[in-house]
Structures are given as structure tokens and as C-alpha cells.
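Close look at the chain arrangement
Read off the chains here:
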Amino acid sequence: MNILIHGTNFVNKGAELMLHAINQQLQNWEECQSVSVSLSTGNFRQRKQLDLTHLIWREAFRPPYDRIPYTIYPIYWSAKVLPKFIRRAINISIETDIDVVLDASGFFLSDQCGISKQQRMAILCQKWKSQRKKVILLPQAFGPFNNTQVREAAQTILQNADLVFARDEISYEEITKLGKMTNHVKLFPDFTNLVDAIEPSYGHQIHDRVCVILNYRMIDRTSEESRDLYLTFIQSCLEILHDKRLKPYILIHELEDYEFALDITQSFGSQIQIIKVDSSLHLKGIIKNSRFVISSRFHGAVSALSQGVPCIVSGWSHKYNELIKDYQNERYLIELTSKEETLKHLKTAISELNDREVRSLVSNRLIKLALRQKNISNNMWDEIRKYLND
């Protein structure tokens, strides 16, 4: 069985974490002969470190779909004419080698996201179906689908996928509203909770400090009123934590958040540390040893909650609220309603989690719930493996 991991990358830390989570499972499958990712997924060294096969295909590159970069063109045609045993020996694959596609594109199928990626995925799913590949959409958020083009793309993807895993109840409901056959749609949580964290060498320097994770999407995908509330929220977080001498730091989860972090911390001078990491596993390791976390990034919140680290969460889509329900963490979900209410809720949440006894109680509860979520994720992988082997 030759499997393609689709939709992940090494640029976005959430996507990289999903890549690690999938690869971790597949490397233990005896029936899995190779795990491929496209040449657009990281560089040669990164793929080699994870023992991934280099898939050479045109669709890995951005539109127009019938063109590929000049430098790749000779490699593409050379790979197509090489016998399969030679391709296998030099650890490369082409599209016809693939039996199964595991898609982990994350949150992309929604009115809130651009239509081009959705239409491209619809074309790919149709093509894969015609080639008799099995296509599985791993747990991700879906909807809403009020836009006609988005809805049509979603229906095409749904019709051509063999299994679809919705990450939360709202996403499941949105998929079932499309009115197509949905007996292959199942409900399972985010699966990055199974990935083990790795603490970086400098990790001890920031032990037991408060980690703040920003999200630029809270600025560019929300209304002007919501943007203003979010800016107030983040500024207030840092001010409260700084005044309490908790030595907060900003952990950069995605590169697009870095400039935003610089702007936010400008008024504090050098008193607020900004930390960037190369590996999503190191990022998760840093989160693991935080006193508590304030996160506006979905996978930042998952990394905290799944490791029993108390987390104050604020997000821009339903996927955050649904995640909070999985971990019974509603008390620490900050809804950006008004400046007064937001500030009041934030002060209460920080004061509670700064109390050692309260923090311990919350952490112990999260550890129990995290174990349950991990068991569910393991059940999902068992179900996928069984389906592929039948």
C-alpha cells in the first residue's frame, strides 16, 4: 500500500504537526510500503528526516495546473519513464504509484476561506476517484456553505471521497446539510493530540512562564469591531501578565504572526520576549512546560489542552468553541463581545490560573479528558486501517 499525505507542509506549524501525527501512525503499519509527500512539501532534507518518499507530480504546484516550474520539468518526465523498482530504490514516486490519499488540509472548506483552493481540491478528488485511489479527509473543520461556489466544491469533494472525518459537531452538521450521501462522514476530534512533544535545548529558560500565542487571522478574517476587540484583548493580556510579574512571552506559532507580535510588543520595549521555533514538536514542547497558555491559534490550544496545560482561548471560527467543549474548558473561552466584558473575563481567568491550587485542579481534569480524546483518535486510526485493508 502506497500512501500520499496531502495538504500538509513545513511552513505552517499546525500543518507540520499534522504531518508528524500521520507519519507517526503510518510508519507502524506493516502493510504500508511507502509514505509520500509532494516536492512542494518542505525540502529534501526535511522529507528524508521523516523517511518520506518524494512524490513528483504536476498538481503539487500552484495554478495553472498544466504547468510546472522549468527546473522540475526534466525531473518530472524522467521519473515517469523510470521503472517502478528503480523509483522505489531512489525513494521517489509518481502519481500512478499512489493507492491512498490522506488529506489533512485543515480548515479550508468554508465560506470564510478562499474559493481557489476548494475548487482545486474538488478537481483533484475527481481525478483521484477516476484513478481508483481511496481518498480520506482526515479530521478538519467544515462550513458554513452559504456561498454557491463553495457549496458546489464541497459537494464534489464529498461525492468523490471514501471517508470524511469532521472534527466537531458543527462541521458534521454542515456537511450533512449539503444533501448528498453522508453515510461515509464520521465525527472524530483533532488527531495531533497523539504527537509527543520535544523540548528544545533552551526550554528550561522559559519553564513555568505564561505563553501567549497570537493569531493574525483574528485581524484579517474578522470585522473591524472584532479586530479592535482582539487588539484590546491581546494588549490587556500582556499588561495584566506583566503587572503580575509573570514574565509572559509570545510564542510564534505561524510566521505570519511575527510582524503582528512586533507591533503589539512595541509599547513594552524589550520586556516581552518573542520566541520563534523551527519545529512544531519543539513548539509543543515549549507549550507543555508553560504555567498556562493564552492561545488564539487552534493547534496552539490543542497542544496545551491535550498535554494538561490550562489554556485561555479566543478564536475566530466555530472550531475553537467546539474544541473547548471537547475539553470542558468553557470557563476559559473568552468571547470578544465588548471591551468591558472581555477585560473582566480575562482578569478573572488569569487570576484563577495563576493560583497554584486552581491550576492543579484544572490540569488534572484536562489530563483525564485528554486521555479520552487520545483514545478516540486511536480508534479513528484503527477504523481507517481496517477500511483500507478490507
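See the structure printed just above.
On to the packing of helix H9 (residues 224-243) against helix H10 (residues 258-265). Interhelical geometry of H9 versus H10 gives an angle of 65° and a closest axis separation of 10 Å. Remark: the crossing between H9 and H10 carries right-handed chirality. Seen from H9, the contacting residues are Tyr230, Leu231, Ile234, Gln235 and Leu238; seen from H10, they are Phe260, Ile264 and Thr265.

Attention now goes to the state of the cysteines. This model, assessed by the stated rule, comprises 0 disulfides. No disulfide involves Cys113; its sulfur sits 16 Å from that of Cys125, the nearest cysteine. Take Cys113: its relative accessible area is 12%, and that puts it in the buried class.

On to the sheet that holds strand S10 (residues 249-252). Across the sheet, which stays open at both edges, the 5 strands sit in the order S11-S10-S9-S12-S13 with parallel pairing between neighbours. Of all strands in the sheet, those bounded by a partner on one side alone are strand S11 (273-276) and strand S13 (311-313). The sheet shows a mean angle of 25° between the axes of neighbouring strands, taken without regard to direction. Relative to S13, strand S12 (residues 293-295) runs parallel, the two being bridged by 3 bridges. If you follow Ile294 over to S13, its bridge partner there is Ile312. Across the face of the sheet, H10 comes into contact with S10 and S11 while running at roughly 170° to S11.

Let us look at helix H11 (residues 280-288). Among the 9 residues that make up H11, 7 are buried, leaving the element largely enclosed by the rest of the structure. By the burial criterion, the buried members of H11 are Ser280, Leu281, Leu283, Lys284, Gly285, Ile286 and Ile287. In this fold, the buried residues of H11 make contact with helix H1 (13-26), strand S9 (211-213), S10, S11, S12 and helix H12 (298-305). Regarding H11, its N-cap is Ser279, as a side-chain oxygen of that residue lies 3.0 Å from the backbone nitrogen of Leu281 further along.

Right, let's get into the pattern of salt bridges. Counted under the stated rule, the structure contains 15 salt bridges. Linking Lys177 and Glu174 is a salt bridge whose minimum nitrogen-to-oxygen distance equals 3.7 Å. Glu174 sits in the buried class, given a relative accessible area of 15%. Glu322 is paired through a salt bridge with Lys325; the nearest N and O atoms lie 3.1 Å apart. Note that Glu322 and Lys325 are positioned in helix H13 (residues 318-326) at a spacing of 3 residues, about one turn of the helix. One salt-bridge network, in which partners are shared between bridges, spans Arg217, Asp220, Glu256, Asp257 and Arg297.

Looking now at the nonpolar core. Grouped together as the largest cluster of nonpolar side chains are 63 residues, with contacts concentrated most on Tyr230, Phe233, Leu251, Ile294 and Ile312. Discounting residues that sit within four places of it in the chain, Tyr230 has contacts with Ile213, Leu214, Asn215, Met218, Ile219, Phe260, Ser296 and Leu336. Residues Phe10, Met18, Leu50 and Met380 belong to the second largest nonpolar core, which totals 32 residues.

Burial analysis of strand S1 (residues 2-6) places 5 of its 5 residues in the buried class, which makes it a mostly covered element. Neither face of S1 is open: one carries Asn2, Leu4 and His6, the other Ile3 and Ile5, and all of them are buried. Bridging between S1 and strand S2 (residues 34-38) involves 3 bridges; their strand directions are parallel. The residue bridging Leu4 from the neighbouring strand is Ser36, located in S2. Handedness of the crossover joining S1 and S2 through H1: right-handed.

A word on the side chain of Ser36. Inspection of the secondary structure puts Ser36 in strand S2. Judged by relative accessible area, Ser36 falls into the buried class, the value being 0%. Separated by 3.0 Å, the side chains of Ser36 and Ser93 make a polar contact. When near neighbours in sequence (up to four residues on either side) are disregarded, Ser36 contacts Ile3, Leu4, Ile5, Thr53, Leu55, Ser93 and Ile98.

Cut-offs used in this document
- Residues numbered from 1 in each chain as written.
- Predicted model: local features only at pLDDT ≥ 70, side-chain atom pairs only at ≥ 80, totals over all residues.
- Heavy atoms only, no water.
- Axes fitted to C-alpha atoms, helices over the stretch in contact; angles between N-to-C directions.
- Helix = DSSP H or I, 4+ residues; strand = E, 2+ residues; numbered from the N terminus.
- Left-handed = near helix turned anticlockwise from the far one by under 90°.
- Contact = heavy atoms within 4.5 Å.
- Disulfide = S-S within 2.5 Å.
- Buried < 20%, exposed > 50% of the residue type's maximum accessible area, 1.4 Å probe, protein only.
- Pairing = 2+ DSSP bridges.
- Polar contact = N/O pair within 3.5 Å; in protein donor to acceptor, adjacent residues only side chain to side chain.
- Salt bridge = Lys/Arg side-chain N within 4 Å of Asp/Glu carboxyl O.
- Core = buried A, V, L, I, M, F, W, Y, C linked by side-chain atoms within 4.5 Å.
- Right-handed = clockwise from strand over helix to strand, strands pointing away.

Read these as spatial facts, not as claims about activity.
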